[in-house]
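Structure assessment
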Amino acid sequence: MRYLVVVAEQDDREPFNKAQMMNTAFQYIMREYKGTFDCVAFQDVDTLSEDDRTLYRCDDDDNNVVHLAHRIDKYNYKFCCGLTVGGVLIMKRKQFEKINGFSNQYFGWGAEDDDAAFRIEEGGKLKIVRPQAEYYRFKMIKHPRDDDNEAELRRFDMLKKWEDRMTKDGLNSLDTKLNRVIKYYTHTRLFIKPSTVRN
């Protein structure tokens, strides 16, 4: 199996925009490695598998998207919140393109994963599957929230309008700047300046 690990880092001191980092990493991989990778795992840096048997792979069914990190120690290994696809989300290239990637509009903490869940299930008509083997368990590394990474105050209002934005807010509207790329033997680091334009 051929794989590539990409670490996407925000290269400024503005509020964090996780979605723009992931969208930029996706576009980088598709551009630099044309046709090589058809399955992409989006993983939060603070979420780690507790078991080496955890399989990072897309589902054989083209209608299924895999939410891998649905059992996290922070939530006593129970599925939290009913909607989110945070932690580790695995999608095929065509699936991610179908939903136009993640919304670029969530700055700071919160709701970008919920927006993605709506895009996947409602917009893309795809099914979110969660592997049930007992060893799919994840550890969330404890860390304080950055001082300049407060909760996105508009997140609940924005979430209500996910459908209005889906076709025009995502991969096709991404306006980030890739400041630097460092290729190590083990992984590639992307230093990304996000667009700060908010709609």
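To keep things clear, this report deals only with the structure shown in the data block. (Residues numbered from 1 in each chain as written. Predicted model: local features only at pLDDT ≥ 70, side-chain atom pairs only at ≥ 80, totals over all residues. Heavy atoms only, no water.)

Now for the pairing of strand E5 (residues 88-92). Among the 5 residues in E5, 5 count as buried, and that is most of the element. Side chains Val-88, Ile-90 and Lys-92 of E5 all project onto a buried face; the interleaved residues Leu-89 and Met-91 project onto the opposite face, where all are buried too. With 5 bridges joining them, strand E2 (residues 39-43) and E5 adopt antiparallel strand pairing. Residue pairing across strands places Val-40 opposite Met-91, the latter belonging to E5. (Buried < 20%, exposed > 50% of the residue type's maximum accessible area, 1.4 Å probe, protein only. Helix = DSSP H or I, 4+ residues; strand = E, 2+ residues; numbered from the N terminus. Pairing = 2+ DSSP bridges.)

Along the chain, Gln-95 turns up in helix H2 (residues 93-98). Classification of Gln-95 as buried rests on a relative accessible area of 4%. A polar contact is formed between the side chain of Gln-95 and the backbone oxygen of Asn-64, at a distance of 2.9 Å. Not counting residues within four places of it along the chain, the set of residues in contact with Gln-95 comprises Asp-61, Asp-62, Asn-63, Asn-64, Val-65 and Leu-126. (Polar contact = N/O pair within 3.5 Å; in protein donor to acceptor, adjacent residues only side chain to side chain. Contact = heavy atoms within 4.5 Å.)

Of all hydrophobic cores here, the largest spans 29 residues; its most connected members are Phe-96, Phe-102 and Ile-120. Looking at this core, the elements that each hand over two or more residues are helix H1 (18-32), E2, E5, helix H3 (112-123) and strand E9 (188-193). Here the element with the most residues in this core is H1; it accounts for 8 residues. Residues contacting Ile-120, with those up to four places away along its chain left out, are Val-65, Leu-89, Met-91, Ile-99, Lys-125, Leu-126 and Ile-128. Counting residues in hydrophobic clusters, the runner-up holds 12 residues, among them Leu-68, Ala-69, Ile-90 and Met-140. (Core = buried A, V, L, I, M, F, W, Y, C linked by side-chain atoms within 4.5 Å.)

Pairing in this open sheet of 4 strands is mixed, and the strands run E2-E5-E4-E6 from one edge to the other. Of all strands in the sheet, those bounded by a partner on one side alone are E2 and strand E6 (127-129). Direction aside, neighbouring strands of the sheet carry axes that sit 25° apart on average. The sheet contacts of H3 involve strand E4 (64-67), E5 and E6, and relative to E6 the element is tilted by about 120°. (Axes fitted to C-alpha atoms, helices over the stretch in contact; angles between N-to-C directions.)

For sheets, the rule is that strands pair by backbone hydrogen bonds, running either parallel or antiparallel. With respect to topology, 3 strands assemble into an open sheet ordered E1-E9-E8, the strand pairing being mixed. The sheet terminates laterally at strand E1 (6-10) and strand E8 (177-183), the two strands that pair on one side only. Across the sheet, the mean angle from the axis of one strand to that of its neighbour is 20°, orientation sign disregarded. In this structure, E1 lies alongside E9, joined through 5 bridges in parallel fashion. Paired with Ala-8 across the bridge in E9 is Leu-190. Its contacts with the sheet put H1 on E1, E8 and E9, and the angle it makes with E1 is roughly 135°.

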